[in-house]
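Chain by chain, the residues run as shown.
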Amino acid sequence: MTENGGGPADLARSAGGLAHNARVWNYWLGGEDYYLVDREVGDRVTSMYPSIGEVARADRAFLGRAVRYLAGQAGIRQFLDIGTGLPTVDNTHEVAQRVASESRIVYVDNDPIVLAHARRLLTGSSAGATDYVDADAHDPDTILRAAARTLDLDRPVAVMMLGILNFILDTAEAGAIVDRLLDAMPPGSHLVVTHPTLELGGEANAEAMRFWNDNATPPIVARGKEDLARFFAGLDILEPGIVSCARWRPDPGGPAGAEEVAQYGVVGRKP
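Below or above, wherever it landed, is the structure these notes cover.

Definitions and limits used
- Each chain carries its own residue numbering, running from 1 in the direction its sequence is written.
- In view of the model being predicted, local features appear only for residues whose pLDDT reaches at least 70, and side-chain atom pairs are presented and counted only at 80 or more, with totals across whole chains, interfaces and linings using the full set of residues.
- Excluded from the side-chain calculation are hydrogens and water; included are all heavy atoms of the structure.
- What counts as a helix is a DSSP run of H or I of at least four residues, what counts as a strand is a run of E of at least two, and both are numbered from the N terminus.
- In this setup the radius of gyration rests on C-alpha atoms only. A globule is expected at 2.2 Å times the number of residues raised to 0.38.
- Whether two residues are in contact is decided by their heavy atoms: any pair within 4.5 Å suffices.
- Where accessible areas are quoted, they stem from the Shrake-Rupley method and a 1.4 Å probe; at the residue level, only the protein chains shown are allowed to cover.
- Note that His is not counted, nor are the chain ends; the positive residues are Lys and Arg, and the negative ones are Asp and Glu.
- Every charge is mapped onto a representative atom, which is NZ of Lys, CZ of Arg, CG of Asp or CD of Glu.
- Using a 1.4 Å probe on the protein chains alone, a residue whose accessible area is under 20% of its type maximum counts as buried, one over 50% counts as exposed, and one in between counts as partly exposed.
- When DSSP finds two or more bridges between a pair of strands, those strands are recorded as paired.
- As used here, the term nonpolar core means buried Ala, Val, Leu, Ile, Met, Phe, Trp, Tyr and Cys residues forming a set that is joined through side-chain atoms within 4.5 Å.
- All axes here are fitted lines through C-alpha atoms, helices being fitted over the stretch that makes contact, and every angle between N-to-C directions spans 0 to 180 degrees.
- Throughout this description, any angle smaller than 35 degrees is read as roughly parallel, any larger than 145 degrees as roughly antiparallel, any in the 65 to 115 degree range as roughly perpendicular, and the remainder as oblique.
- The handedness criterion is simple: a crossing whose near helix is rotated anticlockwise from the far helix by less than a right angle is left-handed, and one whose near helix is rotated clockwise is right-handed.
- Under the convention adopted here, Pro, Cys and the residues Ala, Val, Leu, Ile, Met, Phe, Trp and Tyr are nonpolar, Asp, Glu, Lys and Arg are charged, and Gly plus all remaining residues are polar.

Within the protein, the secondary structure is distributed over ten helices and ten strands. Computed over its C-alpha atoms, the radius of gyration of the protein comes to 18 Å, within 12% of the 18 Å expected for a compact globule of 271 residues. On the principal axes, the C-alpha backbone points of the protein span a range of 45 × 40 × 40 Å. Taking the contacts inside the protein whose residues are at least 6 apart along the sequence as the reference set, 75% of them involve residues at least 24 apart. As displayed, the protein has an accessible area near 11500 Å², and 49% of this comes from carbon and sulfur atoms. Positive and negative side-chain charges of the protein, numbering 25 and 37 respectively, have mean locations separated by a distance of 4 Å.

Below, the structure is given as structure tokens:
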């Protein structure tokens, strides 16, 4: 765990000592890129909502399965990963380029801690490409302009928005951002979303979310299945639909009956 020294630690102190989602998420995933305040807030949230660690791990596993499907069966070769978070095991470019080495990936985040670690994302196969864009999810036009340096937006793109729309508190604004991004994408593009919910047994998370919003940044909101469906209006939602991310196309030979977590996972295709 990093708590002292220069670089990212200085950035954490400059943020006013608040826990930050990217670092707390890294802590829940068993990583080392977090600070004492992140561990303390992460432990407090866990005491209120003991399954949060399972949610984080299920979300990460969903990313791997979704990207393998997209790069494999769906034939996608371009990925726009918005809300990247801190690098960990099996990042989007690693999964995609194992399937198709020519895959091109653009990561987007506006957290200076993530930016400090971005060099770990800018590796990959010589046949493909990876890039990192410092931009806010609230500003899709900037994201699209920057992504076009690496991606051909006339060819299908997988827009990855895992655990990011929950930080856009106004649902109408979140929907407008999704629409703007997809309007710029050609037919055959895909949208991939995970999102926390108080459904699927997540009611106990309400108190933990209130604590988070008082003690960490950025603030978060849960949404229900109907909200998620609105984000996918006009898309063909792939089977098995809007489900717990742990139950979206579980790997053959994996544990039978994956335990449901209170995090939706959904993939849709632009017709």
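Our next topic: the pairing of strand S4 (residues 129-134). Look at any regular strand and the pattern is simple: side chains alternate between the two faces of the sheet. Of all the six residues making up S4, five are buried; the element is thus mostly covered by neighbouring parts of the structure. Note that strand S3 (residues 104-109) and S4 share six bridges and pair parallel. Across the sheet, residue Val 106 finds its bridge partner in S4, namely Asp 131.

In terms of nonpolar packing, the biggest core is built from 84 residues, with Phe 79, Leu 80, Ile 82, Val 159, Met 161 and Leu 191 touching the most fellow members. The biggest single contributor to this core is helix H4 (residues 52-71), with eleven residues.

This part takes up the packing of helix H3 (residues 36-48) against helix H9 (residues 205-215). Packed helices, taken two at a time, are described by the angle their axes make and the gap between the axes. Relative to each other, H3 and H9 sit at 160°, their axes nearing to 8 Å. Considering the angle they form, H3 stands roughly antiparallel to H9. Like other packed secondary-structure pairs, H3 and H9 cross with a definite hand, here right-handed. Here Val 41, Arg 44, Val 45 and Met 48 of H3 lie close against H9, whose contacting residues are Glu 207, Ala 208, Phe 211, Trp 212 and Asn 215. Here the residues of the contact of H3 with H9 are counted per class, giving six nonpolar, one polar and two charged.

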